[in-house]
Amino acid sequence: MEIWINPACSKCRSAVQLLDAEGAEYTVRRYLEDVPSSDEIRAVLDRLGLEPWDITRTQEADAKELGLKEWPREAGSRERWISALAEHPKLIQRPIITADDGTAVVGRTDEAVRDALGR
């Protein structure tokens, strides 16, 4: 199991604390320092069953600069969104936990983190 975190994020810290409390084995990826490639983002999206706009933090300054709220949310724009996430990792929703069964969850709640643990 791997968890993508920003240590400054309270949701990320809570998720790590819960994983530790449950005795989970996992790897931490500080995705702002170890930036995921476009291919890695595609793979995580497949595991999540989501589209890139579903995991984009549209309120971030970078998102506003790029005008992401105006970008089409359709298959033809998917690669543009993925490229933006790879170039501006701060836009990626966090934390993302890749589960042992090949799926993933956005672990913003204790329930989501427990869901990942049960997979």
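Located above this text is the structure these notes cover.
Residues numbered from 1 in each chain as written. Predicted model: local features only at pLDDT ≥ 70, side-chain atom pairs only at ≥ 80, totals over all residues. Heavy atoms only, no water.

**Q** Would you explain the packing of helix α2 (residues 38–48) against helix α4 (residues 78–87) in this entry?
**A** A packed helix pair is summarised by two numbers, namely the angle formed by the two axes and the spacing between the axes. At a minimum axis distance of 9 Å, the contact between α2 and α4 shows a crossing angle of 115°. Seen along the crossing, α2 lies across α4 with a hand that is right-handed. In contact with Ser38, Ile41, Arg42, Leu45 and Asp46 of α2, α4 contributes Arg78, Glu79, Ile82, Ser83, Leu85 and Ala86. Tallied by class, residues from the contact of α2 with α4 come to five nonpolar, two polar and four charged. (Axes fitted to C-alpha atoms, helices over the stretch in contact; angles between N-to-C directions. Helix = DSSP H or I, 4+ residues; strand = E, 2+ residues; numbered from the N terminus. Left-handed = near helix turned anticlockwise from the far one by under 90°. Contact = heavy atoms within 4.5 Å. Nonpolar A, V, L, I, M, F, W, Y, C, P; charged D, E, K, R; others polar.)

**Q** What exactly am I supposed to notice about the sheet that holds strand β1 (residues 2–5) here?
**A** The strands that make up a sheet pair up through hydrogen bonds in the backbone, lying either parallel or antiparallel. Taken together, four strands build an open sheet; the order of strands is β2-β1-β3-β4 and the sheet is mixed. One side of each edge strand has no neighbouring strand; the edge strands of this open sheet are β2 (27–30) and β4 (104–106). Between one strand axis and the next, the sheet turns through 20° on average, direction left out of account. (Pairing = 2+ DSSP bridges.)

**Q** I'm lost on the state of the cysteines in this one. Help?
**A** What makes a disulfide is a covalent bond joining the sulfur atoms belonging to two cysteines. Scanning the model with the defined rule gives zero disulfides in all. Looking at the unpaired Cys9, the closest cysteine sulfur is the one in Cys12, lying at 3.4 Å. (Disulfide = S-S within 2.5 Å.)

**Q** Could you clarify how one ought to interpret the packing of helix α1 (residues 10–21) against helix α5 (residues 110–117) in this entry?
**A** Where α1 contacts α5, the two axes come as close as 10 Å, and the packing angle between them is 45°. Here α1 is positioned oblique relative to α5, judged by the angle of their axes. For the pair α1 and α5, the sense of crossing is right-handed. On α5, the residues touching Ala15, Leu18 and Leu19 of α1 are Asp110, Val113, Arg114 and Leu117. (Parallel < 35°, antiparallel > 145°, perpendicular 65-115°, else oblique.)

These figures come from the coordinates and say nothing about function on their own.
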